[in-house]
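# Structural overview for review
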Amino acid sequence: MRLRRSRLYVPGNNPSMLVNAGVYGADVLTFDLEDSVSPGEKLAARLLVGELLKEKTVDFGRSEVTVRINPLSTPYGKKDLLEIVCERLEGIYLPKTESEEDVIKLDELLTRLEEEKGLEVGRIKLFAIIETAKGVLNAYQIASASKRLEAITIGGEDLTADLGGERTPDGMTLFTARQMILLAARAAGVQALDTVYSDIKDSDGLYQEAVTVRKMGYDGKAAIHPSQIEVIHRAFTPTEEEIEYARRVIEALETAKKEGSGVAALGSKMIDRPIVKRAERILERAKAAGLLSREE
Amino acid sequence: MPDEKLVKEGVAGTDKKMDLIVTIFPGKGGIEVEVEGKDVEFFGEDIKRVTAETLKEMGIENAKVKIVERSPLDFTIRARVRAAALRAMGVEE
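Residues numbered from 1 in each chain as written. Chains lettered and ligands numbered in written order. Predicted model: local features only at pLDDT ≥ 70, side-chain atom pairs only at ≥ 80, totals over all residues. Heavy atoms only, no water.

Attention now goes to helix α8 (residues 175-188) of chain A. All names here are of chain A. Here α8 is 14 residues long and its end C-alpha atoms lie 20 Å apart, about the 20 Å a rise of 1.5 Å per residue gives. Taken together, the buried positions of α8 are occupied by Ala 177, Arg 178, Ile 181, Leu 182, Ala 184 and Ala 185. Along the long axis of α8, the arc covered by the buried residues comes to 165°, so they all point the same way. Opposite its buried face, α8 presents the exposed residues Thr 176, Leu 183 and Ala 187, each directed more than 90 degrees away. Note on α8: the residue one or two positions beyond its end, Gly 189, has a positive phi of about 75°. (Helix = DSSP H or I, 4+ residues; strand = E, 2+ residues; numbered from the N terminus. Expected span 1.5 Å × (residues − 1). Buried < 20%, exposed > 50% of the residue type's maximum accessible area, 1.4 Å probe, protein only. Arc of directions from axis to C-beta.)

As structure tokens, then:
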């Protein structure tokens, strides 16, 4: 599955932000038609993002190109889909996802549109944003609802409001929800992506939160400002010690395979499947950060 | 879509950089486009051409269009012209 450490939200009605979005090196770009667009500008933003996706001269670098549409329960969601589905679109983020039916409905609409437009069916991926208590409790069903679905993510601000709480620096308000989203994602075999960090001036706070969710097991974190991307990448980059350890694990495994031994060991410690899996993930992140060559 | 569908004034866009504000009125006798802005000397004709092409693609043959530009790319011109025209037809957001 694709690397999605950082995901930058770009307001859908701002031409210069949209045009420049590709220069910051985010793993994912999400052009937003939902919360950053007022009800009176939904049409204008939808057409702007639609025309942008058809404009081949605008370069998005190596970023995955996605759009956050409006929920299908609003008058805007279906119109958003009609306008944005095209060759260049790689993924759709569905906000306020509360049940597997929400995902199935989107999948069906998308399949029909792909057929009508002569696009490869199933190429466009789906991502569910969970931001209500009901959504959290249905997270596993949501994560398992479609073959196209590659990650579930948590919408921290809306979820906090739905819980009746307040966001605190220690993240306690969202602790259980984050664990449940992660459990659901892993059980369904998809990625788990974390929510935004709203204070764009507090890069230390962002770094701490990103490291915390990475250690929990999360695959990435959303950003609302380009300056947050580098901080998130740093938090998701393994330390030298971690990389060295991971290399030794893989080496020991290779040696054991060559020698025909069924058991690999590093020093006195046996290397089992979870240790290998963790080492592979560390090396994958190190490669993404440019710390290792692609061949390693 | 026949141009009789333009029933009122329709506006789209902002005064931010790389954007433009398009105002469309129902018209007679073809498509008339006026452009204001600091790049008019260099790009005025291009903006008029993209505007007229976009309206024709929508089946609109008669309209008066006023544009205030801040160096938009073609995709932005197309998007704002389409939005302004749809609003002039009374299409909902």
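So, next bit.
Looking now at the sheet that holds strand β8 (residues 220-223) of chain A. Residues and elements named next belong to chain A. Strand order in this closed barrel of eight strands is β1-β2-β3-β4-β5-β6-β7-β8, and the pairing throughout is parallel. Across the sheet, the axes of successive neighbouring strands diverge by a mean angle of 25°, strand direction being ignored. As defined by bridge partners, strand β2 (residues 28-32) adjoins strand β3 (residues 64-68) across five bridges and the pair is classed as parallel. The residue bridging Thr 30 from the neighbouring strand is Thr 66, located in β3. (Pairing = 2+ DSSP bridges. Axes fitted to C-alpha atoms, helices over the stretch in contact; angles between N-to-C directions.)

In this section: the interface of chain B and chain A. Across the contact, 17 residues belong to chain B and 22 residues belong to chain A. Interface of chain B and chain A: buried area, both sides summed, is about 1,700 Å²; carbon and sulfur atoms make up 59% of it. Counting the surface chain B buries against chain A, the share from its top three residues, Phe75(B), Arg82(B) and Glu93(B), is 41%. Taken together, chain B and chain A are joined by five salt bridges. Note that Glu51(A) and Arg82(B) form a salt bridge whose closest N and O atoms lie 2.8 Å from each other. For the pair chain B and chain A, the interface holds nine residue pairs in polar contact (both at pLDDT 80 or more). Along the lines of polarity and charge, the residues of the side of chain B that touches chain A split into six nonpolar, one polar and 10 charged. (Contact = heavy atoms within 4.5 Å. Buried area = accessible area lost by both parts, 1.4 Å probe. Salt bridge = Lys/Arg side-chain N within 4 Å of Asp/Glu carboxyl O. Polar contact = N/O pair within 3.5 Å; in protein donor to acceptor, adjacent residues only side chain to side chain. Nonpolar A, V, L, I, M, F, W, Y, C, P; charged D, E, K, R; others polar.)

We note that the domain assignment places domain 1 (6-236) and domain 2 (240-288) within chain A. A C-alpha centroid distance of 33 Å is found between domain 1 of chain A and domain 2 of chain A. (Domains from an automatic or database assignment.)

Next up on the list: the sheet that holds strand β3 (residues 31-37) of chain B. Residue and element names in this part refer to chain B. Read across the open sheet, the four strands follow the order β1-β2-β4-β3; overall the sheet is mixed. Two strands lie at the open edges of the sheet, namely β1 (10-13) and β3, each paired on one side alone. Adjacent strand axes in the sheet meet at a mean angle of 15°, parallel and antiparallel pairs treated alike. Strand direction decides the pairing type here: β1 and strand β2 (residues 20-26), joined by four bridges, are antiparallel. Residue Gly 10 lies in a different strand from β2, and its bridge partner there is Ile 24. Along the sheet, helix α1 (residues 40-57) makes contact with β2, β3 and β4 (63-69), crossing β3 at roughly 145°.

The biggest cluster of nonpolar side chains holds 96 residues, and the ones touching the most others in it are Phe31(A), Leu81(A), Ile92(A), Ile152(A) and Ile24(B). A total of nine residues in this core trace back to one element, the largest contributor, which is helix α2 (residues 74-88) of chain B. Every residue in contact with Ile92(A), bar those within four places of it in the chain, is listed here: Val67(A), Ile69(A), Leu81(A), Ile84(A), Leu106(A), Leu110(A), Ile124(A), Lys125(A), Leu126(A) and Phe127(A). (Core = buried A, V, L, I, M, F, W, Y, C linked by side-chain atoms within 4.5 Å.)

For the rest of this paragraph, the subject is the environment of Ala79(B). Inspection of the secondary structure assignment puts Ala79(B) in helix α2. With relative accessibility at 0%, the residue Ala79(B) sits in the buried group. Considering only alpha carbons, one finds Ala79(B) and Gly29(B), 50 residues apart in sequence, at a separation of 24 Å. Contacts of Ala79(B), omitting those with residues within four sequence positions, involve Leu47(A), Leu48(A) and Glu51(A).

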